[in-house]
Amino acid sequence: MLNRFLKSQRLLKSDEFQAVRGTSLTVSNTNLLILAKKNELSNARLGLAISKRNVKLAVQRNEIKRVARESFRQQVGLPNLDVVLMARPGVISLTKNELRQCIDELWQQLAKRAQRCYSS
RNA sequence: CAAGUUGGCCAAACAGUCGCUGAGGUAUAACAACCUUGGAGGAAAGUCCGGGCUCCAACGGGCAGAGCACCAGGUAACACCUGGGCGGUGUGAGCCGACGGAAAGUGCCACAGAAAAUAUACCGCCAAUUAACUUCGGUUGAUCGGUAAGGGUGAAAAGGUGCGGUAAGAGCGCACCGCGUUGUUGGUAACAAUAACGGCACGGAAAACCCUGCUCGGAGCAAGACCAAAUAGGACCUCGUUAAUUCGUGGCCCACGAUGAGGUCGGGUAGGUCGCUCGAGGGUGUUAGUGAUAACACUCCCAGAUGAAUGACUGUUCACGACAGAACCCGGCUUAUCGGCCAACUUGGAUC
């Protein structure tokens, strides 16, 4: 069951995105930025914000979203967070495999940060 | 065989596992789950034209503004397509073309050049008169005329070539070509061919303004229609007539109304549903047409998401995979694009 990706695991409303955007729990590198906020559910939820300004072509935006979703789907250890993944201009230069690796690493960082932040 | 032209088609293939999403089914109070079956493009792109659809406006007409501009046909429509004409270009198949009007008017043509549209006379050429010189043939200068052949300038120099003609020249005359006018013939037409006449009058630029003809109401699916919390406010009905030095009508009391509670209604925000994909639709065939296309018959249902699906992994094969992602729907145009296949045709070479 863990490696599915249902609607309950996504952010669907504009309000939910706004709520996450106001938080301070972030993880990032030169290509991507992840914002997160604790929710009251039993699982994590993912929202994608790939702007047209940073990634110009629709095909590239779609590809980033697919890689991100696939990566998120296969994560097991994430706590109950609302997560928004944003793209920075550098992502275009990455290949698909590099991008995947990059996102996987960010999830691990996020899990650690979250544990430290919310356990105290 | 090589090089090329035009038109059409494809856009790595197959298998397995996992995942997303539309529809149908099983099942259920409902969700979840399971099964079956669909799930990006030739440009989905740029948003440059043309339509459908929706709402708004509207008696009709004109002006303004914008667009279009050889002819005929096709189409729902077009700035598109087909066929034809004309011009340009290529050995050729072919390709390219803001292709109405400059004799309606106003204006423009830099620099150079004598002169840039009323033609003109710088050099040159020629005649006459005259002066000087003379080897008596003439030469040089001046004056006054003729000339547009030659020179030089320019993107462009006022028809071209040849012969005649002449003092030198000149459409001055003639022939051919070009141009114009009027006919005739062919063609639906654009236009072409041809005859007679004219005798060159009519330079370029319409992408300077402009004139002529034709077309055009506006906004867009965030169109528009429906359902509809919470909160604030509104209308109506019912209940309560009290907790009150409350407020209004009133001189005061009574009374009535407001302030209260509940309900109903209307508008309408968040949110949701519809619009939404069966269509100027695809496939096959026949007929008409040079063709674009049309008619008829049979047949098929082929994305519909909404924080927004069409993907990931593994294996095998090959030529090792370009440009690129639907968002109301069609018809075009333009731009991007690794490579492959088919048909017709052209040029060159080889062989028989």
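Everything discussed here concerns the structure shown above.
Residues numbered from 1 in each chain as written. Chains lettered and ligands numbered in written order. Predicted model: local features only at pLDDT ≥ 70, side-chain atom pairs only at ≥ 80, totals over all residues. Heavy atoms only, no water.

Below, the discussion takes up the pattern of salt bridges. Under the counting rule described, the total for this entry stands at 3 salt bridges. Residues arginine 45 and aspartate 82 are paired through a salt bridge, measuring 3.0 Å at the closest nitrogen-oxygen approach. Taken as a pair, arginine 45 in strand β3 (residues 45–49) and aspartate 82 in strand β4 (residues 81–87) lie far apart in primary sequence, 37 residues in all. Classification of aspartate 82 as buried rests on a relative accessible area of 8%. In this structure, the salt-bridge partner of aspartate 104 is arginine 100, at a minimum N-O distance of 3.4 Å. Here arginine 100 and aspartate 104 lie together in helix α3 (residues 96–119), a separation of 4 residues that amounts to about one turn. (Salt bridge = Lys/Arg side-chain N within 4 Å of Asp/Glu carboxyl O. Helix = DSSP H or I, 4+ residues; strand = E, 2+ residues; numbered from the N terminus. Buried < 20%, exposed > 50% of the residue type's maximum accessible area, 1.4 Å probe, protein only.)

What follows covers the packing of aromatic side chains. All told, the structure shown has 1 aromatic pair when counted by the stated rule. Summarising the aromatic geometry, the rings of phenylalanine 72 and tryptophan 107 are spaced 5.6 Å apart at their centres and angled 65° between planes, so their arrangement reads as edge-to-face. You can see phenylalanine 72 sitting in helix α2 (residues 58–73) and its partner tryptophan 107 sitting in helix α3, a full 35 residues away along the chain. Both residues of the pair, phenylalanine 72 and tryptophan 107, count as buried. (Phe/Tyr/Trp six-rings, centres within 6.5 Å; stacked < 30°, edge-to-face > 60°.)

The quantities given are spatial measurements derived from coordinates; they are silent on function.
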